[in-house]
Amino acid sequence: MLTLQVIRRELQGEVVLLTLAHVDGIALPAFSAGAHIDLHLTGDLIRPYSLCGDPQDRQHYQLGILKDGNSQGGSLAVHALREGDAITVSEPRNLFTLDESAGHSLLIGGGIGITPMLAMAAELHATGRSFTLHYCARSRGQAAFVTQLESARYAGQVHLHFSDQQRLNLDAVLSDVPPNTHVYVCGPTRLMDAVNDGAKRHGYAAENVHQECFSAEVQTGGAAFEVVAATSGITVQVLEDQTIVEALAQAGLKVNVSCKQGICGSCLTDVLEGDPDHRDSYLTDEEKADGDQILLCCSRSKCGRLVIDL
């Protein structure tokens, strides 16, 4: 864990851009494009946010967070931060890495989903690798980072698409690419679904399409089952309307969770016995088929008893 200070706060529309640094000016842990950090906000509120700064900058972490009207507290707490405030954050973790074998990287960011793409563009440019960046937003006035993108060293590789001017022609973007192109998409579910569907139509291999979700709808309810936390020696009954995390908390065993939607992987735990009922968007289909890991915030069990390494 790191305790950092907000050294700059800038509001761009409904997005707040925060620059964090160590109070003593020491170098921060390195990160690669696509990484995120967890912000420990008020109480037990923990939220992951993508790093949008240049990975070569070891003095600062930059974050862009949208003020969400449906927020459960995370974005509102972030927008309440002011310059000079201290905040506890995790070291960077990367679940959305660039594939170094790609002949070309096609970056597509929608709305606040542009944030990881900024770091990716900076890294790809610095290493001289081929890429294009497409940024979709409702309008120029509502879009954050436009000035930054238009003045970037890689501005010639940036394409802006505003719904009130010229929408993204996804078929054209996906078809006019060099061999061995990898696609990276982040943004609203509708955009990510469209990119995935379009990539299939144009013959992209599944492993060449990468996405990061900011939110996901999960169904956490189901039949009751027993969970044994082997290391802790605790056995709990997970009720029909409970998550594993909630059942363990009632027994005094706290699990660190962040997104609570099966996206970030912070509550990933090994399964020692049993058959998990995966409800997450984090594990790959192959990892889910292995059945030896589970996201405790949303997944359940297909059998009556699950033994986990906790």
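Above: the structure in question.
Heads up: these notes are all about the structure in this document.

Rules and cut-offs
- Residues numbered from 1 in each chain as written.
- Predicted model: local features only at pLDDT ≥ 70, side-chain atom pairs only at ≥ 80, totals over all residues.
- Heavy atoms only, no water.
- Salt bridge = Lys/Arg side-chain N within 4 Å of Asp/Glu carboxyl O.
- Helix = DSSP H or I, 4+ residues; strand = E, 2+ residues; numbered from the N terminus.
- Buried < 20%, exposed > 50% of the residue type's maximum accessible area, 1.4 Å probe, protein only.
- Expected span 1.5 Å × (residues − 1).
- Pairing = 2+ DSSP bridges.

1. Overview of the pattern of salt bridges
At step 1: Tallied over the full model, the rule gives eight salt bridges.
At step 2: The salt bridge involving aspartate 38 is made with arginine 93; its shortest N-O contact spans 2.9 Å. Taken together, the residues aspartate 38 in strand 3 (residues 35-40) and arginine 93 in strand 7 (residues 93-94) connect sequence positions 55 residues apart.
At step 3: Where arginine 153 meets aspartate 54, a salt bridge forms, and the shortest distance between an N and an O atom there is 3.7 Å. One end of the pair, arginine 153, is in the loop between helix 3 (146-150) and strand 10 (158-162); the other, aspartate 54, is in the loop between strand 4 (46-50) and strand 5 (61-66), and 99 residues separate them in sequence.
At step 4: The class for arginine 153 is exposed, based on a relative accessible area of 60%.
At step 5: Within this structure, Glu226, Glu273 and Arg305 form a network of salt bridges that share partners.

2. Quick word on helix 2 (residues 114-126)
Along an α-helix, residues three or four apart share an orientation, since each turn contains 3.6 residues.
At step 1: Here helix 2 contains 13 residues, and its C-alpha end-to-end distance of 18 Å stays within 8% of the 18 Å for a straight helix at 1.5 Å per residue.
At step 2: Counting buried positions along helix 2 gives 11 out of 13 residues, so the element sits mostly inside the fold.
At step 3: Among the residues of helix 2, Ile114, Thr115, Pro116, Met117, Leu118, Ala119, Met120, Ala121, Ala122, Glu123 and Leu124 are the ones counted as buried.
At step 4: Following helix 2 by one or two positions, glycine 128 adopts a phi angle in the positive range, close to 70°.

3. What to know about the pairing of strand 8 (residues 104-110)
At step 1: Most of strand 8 is tucked away: seven of the seven residues are buried.
At step 2: The alternating pattern of strand 8 places His104, Leu106, Ile108 and Gly110 and Ser105, Leu107 and Gly109 on opposite faces, both of which are buried.
At step 3: As paired elements, strand 8 and strand 11 (residues 181-186) share six bridges and run parallel to each other. Its bridge partner being in strand 11, leucine 107 is matched across the sheet by tyrosine 184.

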